[in-house]
Amino acid sequence: MSVTSKTKDFDSPVGPVITHDEGTVQNVHVGYNVQLTKNRSLMSILGMTLAIAAIPYGIGGPLISAIYGGGQLSMFVGLLVVLFFDGCVAISLAELASRYPTSSGVYYWSYRLCGKHEKMRKILSFLTGWFWLIGNWTITLSVNFGFASLIAATVSIYNPDWVASSWELLLIFYAICAVVFLICSLGDKLLPYVDTMAAVCNFVTIIAILVAVSVRAKQGRHSASYALGNYDSSFSGWGTGFTFFIGLLPPAYTFSAIGMVTSMTEECAQPEVEVSRAIALTIPFGGIAALLFVLPLCFTLPPLEEILNAPYGQALPYVLNLIMGSQTGALILMIMILFVVLFCSIGITTAASRCTWAFSRDDALPLANVWTRTIADRPVFALALVTIIEMLLGLINLGSSSAFTAFASVGVIALAIGYLVPISISLFAGRTEVSRAKWTCGPVIGTAANIGAIVWILFELVLFSMPTALPVTEISMNYASVVLVGFAALSAAWYAITGRKKFCGPPDEVIEVY
């Protein structure tokens with residue numbers, strides 16, 4: 001074996017580690033020393049992707065968007081459309097994750113795919129990394145604040161007269177952030193098992209909802225033609241055409257964060273295979289789960305106009321209460337869903353902390369040397385930074401709830417941009433790099449998937465920037481584009497001030513094995 005290595009040394013006490021272990025060799029191959037414990041397997045990573053998708057919450061949380069989107073037709077057909085195109089995204093990401101198995105993810109891929117264009121790849125990698133980081137932070141924020149809103153909406157099942165103030169919602173949100181931080185920091189070694197439990201919890205909850213709403217159906221059962229084809233475009237104000245696409249928002253939000261698990265790559269024994277398989281399998285497994293969740297709701301939904309009056313904009317508790325015809329029955333189902341959301345919060349916060357830690361390794365963040373520090377091989381400082389940023393951004397809700405809700409859209413858009421850059425570069429470069437990956441779909445399927453992914457992502461950028469309903473008011477306005485431009489301006493300013501000097505780009509040295 002001959003070794004060519006100029007790997008970056010951080011707080012690891014040893015230099016490049018070369019053994020016959022495949023995972024270790026691959027991590028040195030992408031230029032970084034091994035810092036984190038390798039305790040993740042295919043099952044735990046797949047469990048984490050399903051936990052982050054959190055079907056009952058991912059689709060049920062923004063369910064009111066599906067009502068604005070016309071109801072059952074957009075819920076059912078829209079889900080199938082999203083599964084197809086997000087399948088293209090998943091395949092594209094899986095190939096790149098196999099070719100470059102590193103927690104640095106999309107910004108590393110973008111850097112390496114640009115070849116020898118030194119200045120261009122440095123700037124592109126930096127900006128892609130910041131979009132990726134913003135996406136990780138804001139999607140995590142949206143999940144945890146949505147968790148707080150869902151708790152308040154669940155309480156309203158028993159006490160309809162109680163309305164949580166902005167301060168009370170904020171305190172619930174802060175409590176969630178604190179609990180998730182403690183679980184992720186103190187119980188980190190158990191998280192691979194937690195992620196597997198999360199997948200089981202998702203499916204058990206979905207089956208429980210399937211059986212319960214199908215048996216009770218206190219609002220009546222619809223015919224198959226109505227349940228799968230009802231389309232009322234009068235609620236959104238967008239007209240017959242674009243209204244359908246509003247209904248795509250819940251499933252698109254659900255599967256928007258499947259690429260976040262690439263941040264766990266360096267905790268896998270065989271990342272070039274395990275992570276790629278987990279990402280690719282998320283769509284078929286998650287798709288089946290989503291259909292089992294959506295279909296019984298389509299057959300038992302109460303009148304759509306009633307759902308628009310749901311407290312806190314959280315339609316799911318309101319709908320389950322009406323369908324079950326029993327506060328106790330609805331509460332039991334909601335408690336199960338709240339556990340699903342807790343697992344989602346744990347998984348997505350863990351992934352965001354790894355993303356923050358990885359990007360800090362390349363001096364891309366202020367005080368980067370702090371966020372790269374580990375305790376017992378765990379990036380606790382990066383986890384603390386994610387939690388603090390969430391809590392600070394949560395204060396925005398005190399001034400404008402409509403501005404705060406834009407963070408969910410910002411998270412999806414920023415993650416989508418992170419996906420778009422390396423997928424596009426790889427495609428237009430002839431897919432020469434991913435063709436060398438251990439997990440690849442070949443030139444025909446792979447190229448088709450790349451094209452489908454790019455088309456879908458470009459459409460998502462528009463879809464998540466649009467208001468759900470017309471006419472637009474200060475409350476219904478979608479501020480996602482404004483918030484995203486603000487974040488992008490800050491990252492560009494940071495690059496101009498210090499990033500262009502400190503950020504040299506990820507390492508790209510290679511180990512040659514003979």
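Residues numbered from 1 in each chain as written. Predicted model: local features only at pLDDT ≥ 70, side-chain atom pairs only at ≥ 80, totals over all residues. Heavy atoms only, no water.

Our focus in this paragraph is the side chain of Ser92. Examined against the element boundaries, Ser92 turns out to sit in helix α5 (residues 72–99). One polar contact links Ser92 to Asn450, side chain to side chain, over a distance of 2.8 Å. Contact partners of Ser92, with chain neighbours within four places excluded, come to Ile423, Ala449, Asn450 and Ala453. (Helix = DSSP H or I, 4+ residues; strand = E, 2+ residues; numbered from the N terminus. Polar contact = N/O pair within 3.5 Å; in protein donor to acceptor, adjacent residues only side chain to side chain. Contact = heavy atoms within 4.5 Å.)

Now for the nonpolar core. Side chains that are nonpolar tend, in soluble globular proteins, to be buried together. With 157 residues, the main nonpolar core has Ile55, Trp109, Met260, Phe293 and Leu365 as its most contacted residues. Once you skip the residues sitting within four places of it in the chain, Ile55 turns out to touch Gly60, Asn202, Ile206, Thr254, Phe255, Gly286, Ala289, Ala290 and Phe293. (Core = buried A, V, L, I, M, F, W, Y, C linked by side-chain atoms within 4.5 Å. Buried < 20%, exposed > 50% of the residue type's maximum accessible area, 1.4 Å probe, protein only.)

Attention now goes to the packing of aromatic side chains. Counted according to the given criterion, the structure contains 21 aromatic pairs. Ring geometry for Phe173 versus Tyr174: centroids 5.9 Å apart, planes at 40°, classification tilted. The interplanar angle of 35° and the centroid separation of 5.9 Å between the aromatic rings of Trp456 and Phe459 together place this pair among those described as tilted. Taken together, the residues Trp456 and Phe459, both in helix α21 (residues 442–463) and 3 residues apart, mark about one turn of the helix. (Phe/Tyr/Trp six-rings, centres within 6.5 Å; stacked < 30°, edge-to-face > 60°.)

Glancing now at the side chain of Ser276. In this structure, Ser276 sits in helix α13 (residues 271–300). One polar contact links the side chain of Ser276 to the main-chain carbonyl oxygen of Ala94, over a distance of 2.7 Å. Among all residues touching Ser276, those that are not within four sequence positions of it are Ala94, Ala97, Ser98, Pro271 and Trp439.

Don't take any of this as a statement about function, it's just geometry.
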